[in-house]
Amino acid sequence: MLAMQLGSILMFLAGIALLTALLMRRSYRYFGGRKRRFDTRPIDAQPRPKSKWDGAMHDSMAVIEQQQVELAQLSRDVNGQLDTKILILRELIARSEKQIERMEELLREGQKM
C-alpha cells in the first residue's frame, strides 16, 4: 500500500517536472528567438567611423535627406493645388465668356426693337 502511494507520488512529480521542462523550453524558444534577430556580431566586427565626424555627418545627411523628401512632397502638393485652381479659373473664364456673348446677343436684340 505504501509502495503504491509512493509510486503515484513519484509519477505525479515526474509529470510536473516534464511539464515544467516543456514549458521552460517553449518559453526559451519564444523569448530567446527575439534576441537572435538582432545583430549579435562582436563589437570589433562592426564598422567603425574613420573620423569622429563620420557619425555626425551620417546623422546630418539623414536629416537633410528627410527635409528634401518633405520639400518634394510639399512641392507636389502645391503643384496639385495650383493645377486645380488653374482648371477652375479656366472653367470660370469660359463661363464668363459665354455669359458675355449671351449678354451681347441680348443687347443687339434689344437695340433692333
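No experiment lies behind these values; they were computed from the predicted model shown.

Below, the discussion takes up the overall build of the chain. A count of helices and strands for the chain gives two helices and zero strands. Summed over its atoms, the accessible surface of the chain is roughly 11400 Å², and 64% of this surface lies on carbon and sulfur atoms.

Moving on, we come to the pattern of salt bridges. Under the definition given, this model contains two salt bridges. Arg95 serves as the salt-bridge partner of Glu91, at 3.4 Å between the closest nitrogen and oxygen. Taken together, the residues span about one helical turn, with Glu91 and Arg95 both in helix 2 (residues 54-112) at a distance of four residues. According to the relative accessible area criterion, Arg95 is exposed, its value standing at 52%.

Nonpolar side chains collect at one region of the surface, where Leu6, Ile9, Leu10, Phe12, Leu13 and Ile16 lie side by side and expose about 600 Å² of accessible area between them. Along the chain, the position of Ile9 falls in helix 1 (residues 2-36). Looking at Ile9, the relative accessible area reads 47%, which means it is partly exposed.

Cut-offs used in this document
- Residues numbered from 1 in each chain as written.
- Predicted model: local features only at pLDDT ≥ 70, side-chain atom pairs only at ≥ 80, totals over all residues.
- Heavy atoms only, no water.
- Helix = DSSP H or I, 4+ residues; strand = E, 2+ residues; numbered from the N terminus.
- Areas by Shrake-Rupley, 256 points an atom, 1.4 Å probe, with all protein chains shown as cover.
- Salt bridge = Lys/Arg side-chain N within 4 Å of Asp/Glu carboxyl O.
- Buried < 20%, exposed > 50% of the residue type's maximum accessible area, 1.4 Å probe, protein only.
- Patch = residues over 30% accessible without salt bridge, like charges linked within 9 Å, V, L, I, M, F, W, Y side chains within 5 Å.

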